[in-house]
Amino acid sequence: MADVPEPDIPPQLFAALAADPLAAQLGIVLEQVSPGYARASMTVGPAHLNAAGTAHGGATMALLDVVHAAVSNSHGTLAVAQDVHTEFLSPGRPGDVLVAEGTEVHRSARTAVYRIEARASDHRLVATALARVFRLGTPWELPGEDEVVAMTAPPPVPPTMQLSQVEQPLPTPGEGTNPSGEVPPPDELR
């Protein structure tokens with residue numbers, strides 16, 4: 001990615017951008033935010049894996065989206081996503097530390113475009129995104145310098161929604177499946 005700008009956003013803005021309950025649930029850490037730049041990381045653990053044993057696209061996309069939210073709001077003006085086009089290029093593997101960096105490509109008074117890349121510990125490019133936002137023109141409402149930003153833990157996740165590795169056997173194929181490998185002629189499928 002491009003040269004990293006010096007961190008010069010107000011600490012209250014950084015705290016507001018870092019207070020993302022979904023990011024906390026997924027173990028995504030917002031590391032740096034400067035005007036037009038953001039970086040976050042996530043270690044691929046068992047809860048981030050898909051059925052094939054690699055980083056789930058949704059987990060990888062969540063990392064990209066946390067960076068997208070931070071970089072697009074880094075100027076202190078509320079911005080909301082309009083479009084994110086993501087390309088998955090290489091699988092994240094268990095234990096990989098994925099680092100995503102986002103940089104501003106273009107910004108006007110009402111829209112902005114960002115490029116975000118996620119790389120694995122070995123520098124493999126795992127995913128890239130081109131993302132666009134609508135800038136609302138509304139400044140972030142931040143506490144004053146003397147006020148303390150209360151950072152609280154995310155609300156507890158109900159047991160039915162907790163991310164954990166499933167240790168149950170896979171269900172047996174139901175009616176209409178053919179685990180034997182032979183495919184019947186099309187007229188028998190009707």
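Residues numbered from 1 in each chain as written. Predicted model: local features only at pLDDT ≥ 70, side-chain atom pairs only at ≥ 80, totals over all residues. Heavy atoms only, no water.

Draft legend 1. Representation of the pairing of strand 5 (residues 111–119). Pairing analysis gives 8 bridges linking strand 4 (residues 97–107) to strand 5, with the strands arranged antiparallel. Looking at strand 5, one finds that Glu-104 is bridged to Tyr-114. (Pairing = 2+ DSSP bridges. Helix = DSSP H or I, 4+ residues; strand = E, 2+ residues; numbered from the N terminus.)

Draft legend 2. Structural context of the environment of Pro-35. With respect to the helices, strands and loops of the structure, Pro-35 is situated in the loop between strand 1 (29–34) and strand 2 (37–43). Using a relative accessible area of 33% as the deciding quantity, one classes Pro-35 as partly exposed. Spatially, the C-alpha atoms of Pro-35 and Asn-73 are 8.4 Å apart, while their sequence positions differ by 38 residues. (Buried < 20%, exposed > 50% of the residue type's maximum accessible area, 1.4 Å probe, protein only.)

Draft legend 3. Summary view of the sheet that holds strand 4. As summarised here, the arrangement of the 6 strands in space is 1-2-4-5-6-3, forming an open sheet in which the pairing is antiparallel. Looking along the sheet, the strands with just one partner apiece sit at the ends: strand 1 and strand 3 (77–88). Here the average twist between neighbouring strands, direction ignored, is 20°. Across the sheet, helix 3 (residues 57–72) lies against strand 1, strand 2, strand 3, strand 4, strand 5 and strand 6 (125–139), angled at about 155° from strand 2, the strand it touches most. (Axes fitted to C-alpha atoms, helices over the stretch in contact; angles between N-to-C directions. Contact = heavy atoms within 4.5 Å.)

Draft legend 4. Structural view of unusual backbone geometry. A positive phi angle is found at His-123, which is not glycine, with a value near 75°. Positionally, His-123 belongs in the loop between strand 5 and strand 6. Taking relative accessible area as the criterion, His-123 reaches 62% and is therefore assigned exposed.

Draft legend 5. Summary view of the environment of Gly-102. Looking at the secondary structure, you find Gly-102 in strand 4. The exposure class assigned to Gly-102 is buried, which follows from its relative accessible area of 0%. The sequence separation of Gly-102 and Gly-36 amounts to 66 residues, and the corresponding C-alpha distance is 7.9 Å.

Draft legend 6. Main features of the pairing of strand 2. The buried fraction of strand 2 is high, at 5 of 7 residues. Both strand 1 and strand 2 contribute to a ladder of 5 bridges, which runs antiparallel. Bridge assignment links Leu-30 to a residue of strand 2, and that residue is Ala-40. As consecutive antiparallel partners, strand 1 and strand 2 are separated by 2 residues, and within that stretch Gly-36 has a phi angle of approximately 85°, a positive value. Two strands pair when backbone bridges link them, and strand 2 and strand 4 are joined in this way by 7 bridges, in the antiparallel orientation. Its bridge partner being in strand 4, Ser-41 is matched across the sheet by Val-99.

Draft legend 7. Structural detail: the nonpolar core. Within the largest apolar cluster, 34 residues are counted, with the highest numbers of intra-cluster contacts made by Ile-28 and Leu-63. Elements with a contribution of two residues or more to this core: helix 1 (11–18), helix 2 (21–26), strand 1, strand 2, helix 3, strand 4, strand 5 and strand 6. The element that contributes the greatest number of residues to this core is helix 3, accounting for 8 residues. Excluding anything up to four places from it in sequence, Ile-28 contacts Ala-23, Ala-40, Ser-41, Met-42, Ala-62, Leu-63 and Val-66. (Core = buried A, V, L, I, M, F, W, Y, C linked by side-chain atoms within 4.5 Å.)

Draft legend 8. Examining the pattern of salt bridges more closely. For the structure on display, the rule yields 6 salt bridges. A salt bridge links Arg-124 to Asp-96; its shortest N-O distance comes to 2.6 Å. Of this pair, Arg-124 sits in the loop between strand 5 and strand 6 while Asp-96 sits in the loop between strand 3 and strand 4, and the two are 28 residues apart along the sequence. With a relative accessible area of 16%, Arg-124 lands in the buried category. (Salt bridge = Lys/Arg side-chain N within 4 Å of Asp/Glu carboxyl O.)

Draft legend 9. Structural detail: helix 3. Helix length check: helix 3 (16 residues) gives 22 Å between terminal C-alpha atoms against 22 Å at 1.5 Å per residue, within 8%. Among all positions of helix 3, only Ala-59, Thr-60, Ala-62, Leu-63, Leu-64, Val-66, Val-67, His-68, Ala-70, Val-71 and Ser-72 are buried. (Expected span 1.5 Å × (residues − 1).)

Draft legend 10. Focus on helix 1. Buried residues of helix 1: Gln-12, Leu-13, Ala-15 and Leu-17, and no others. Against strand 1 and helix 3 lie the buried residues of helix 1.

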